[in-house]
Amino acid sequence: MGDSDMDHTIVLPEPQGCRWDQQREPVVILLGWAGCKDKHLAKYSDIYHSEQGCVVIRFTAAWRTVFFAESFGLRSLRDQAKKLLELLFDYEIDENPIVFHVFSNGGFMLYRYMVELLHSHRQLGRLHVVGTIFDSAPGNRNVLGSVRALNTVLAPGTSRTLRYLALLLFTVMVIVLRILLYPATRFLHENHYDAMKSDPSLWPHLYLYSHSDRIIARSDIENMVAIRRRRRLPTQSVDFETSEHVSHYRRYPERYAAICRSFLSHCVSKESAFSSEIPSF
């Protein structure tokens, strides 16, 4: 199902009775990686929809916005984040427990703005988030990894000359705007990683990553995990070790799905307490 203002997909559970205690199905919001197609996210929908009976919303921001507009500090994703959250009121599922499943920095950028809105906007602040899963995110100003990610997006159907020019422009832009000038411009547009170091959210986080990821450095993810644990916030992580960027589910489908379902069930059942004792994977 689509929307004229927001190109998203929503999957509703079958009308066969709710298996959840409070008679409100969890809503899982999948935020895709840059260049991700909906057919890719659809595979993750099955984890939550087919067996768990969840409402699933899928959305991926345009790669040009992720790589270029956000690098210039234009905050183009903020409006999309607001519209996505407003969809929950449009579909009358605003009282359901919400779990985010965030992929790579493309999804993480969008999630950053959603978190800010959830803590600053009167109506959106009523939404009840119970947990977040991060797949291959977040990364922190990793120029080489970002170039590799953009190259992956551009490779299909883009001439070599145009691709190299775009990669050169992006590399220079990131080095100048997001590294060299960042100390002086940080007050105008703090990067997403730094902003989320002080994320006020109390709900549990689960980080799924791999030592073999060549786009997002594992040290960035492990550092974010350590920051949250120092703040005594419920945080868990799983290192898949050998799978590539956003490929953990493809390499380890049964384990990945079991981890996600266990986390979902725990977050929904513990939603009133935000227990720090989240499952050990």
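We now turn to the structure provided with this report. Being a predicted model, the structure only gives us computed values, none of them experimental.

Here we take up the environment of D194. Note that D194 resides in helix 8 (residues 192-196). Measuring from C-alpha to C-alpha, the distance between D194 and N140 comes to 8.0 Å, with 54 residues separating the pair along the chain.

Applying the stated rule across the entire model yields seven salt bridges. Where K82 meets E86, a salt bridge forms, and the shortest distance between an N and an O atom there is 2.4 Å. With a gap of four residues between them, K82 and E86 both fall in helix 3 (residues 76-90), about one helical turn apart. By relative accessible area, K82 is classed as partly exposed at 26%. Ionic pairing is found between R112 and E116, a salt bridge with its closest N-O pair at 2.6 Å. Within this pair, R112 and its partner E116 are both found in helix 4 (residues 104-118), separated by four residues, close to a single helical turn. Its relative accessible area of 28% is what places E116 among the partly exposed residues.

This paragraph deals with the environment of D46. Relative to the assigned elements, D46 resides in helix 1 (residues 38-49). Residue D46 is classed as partly exposed on the basis of its relative accessible area of 41%. Spatially, the C-alpha atoms of D46 and V56 are 9.1 Å apart, while their sequence positions differ by 10 residues.

Compared with the 21 Å implied by 1.5 Å per residue over 15 residues, the 22 Å span of helix 3 between its first and last C-alpha is a close match. Those residues of helix 3 that fall on the buried side of the exposure criterion are L77, A81, L84, L85, L87, L88 and F89. Tucked into the core, helix 3 has its buried residues touching strand 2 (27-31), strand 3 (55-59), helix 2 (63-69), strand 4 (97-103) and helix 4.

The sheet built from seven strands is open, its strands ordered 1-3-2-4-5-6-7 with mixed pairing. Whereas interior strands pair on both sides, the edge strands pair on one side only; in this sheet they are strand 1 (9-11) and strand 7 (235-239). Here the strands of the sheet are splayed against their neighbours by 15° on average, with no regard to which way each runs. Bridge count for strand 4 against strand 5 (residues 128-135) is seven bridges, and the pairing is parallel. For P97, the partnering residue across the bridge sits in strand 5 and is H128. Lying over the sheet, helix 3 contacts strand 2, strand 3 and strand 4, oriented at roughly 160° with respect to strand 3. Along the sheet, helix 4 makes contact with strand 2, strand 3, strand 4, strand 5 and strand 6 (205-209), crossing strand 4 at roughly 145°.

Quick notes on the rules
- Residues numbered from 1 in each chain as written.
- Predicted model: local features only at pLDDT ≥ 70, side-chain atom pairs only at ≥ 80, totals over all residues.
- Heavy atoms only, no water.
- Helix = DSSP H or I, 4+ residues; strand = E, 2+ residues; numbered from the N terminus.
- Salt bridge = Lys/Arg side-chain N within 4 Å of Asp/Glu carboxyl O.
- Buried < 20%, exposed > 50% of the residue type's maximum accessible area, 1.4 Å probe, protein only.
- Expected span 1.5 Å × (residues − 1).
- Contact = heavy atoms within 4.5 Å.
- Pairing = 2+ DSSP bridges.
- Axes fitted to C-alpha atoms, helices over the stretch in contact; angles between N-to-C directions.

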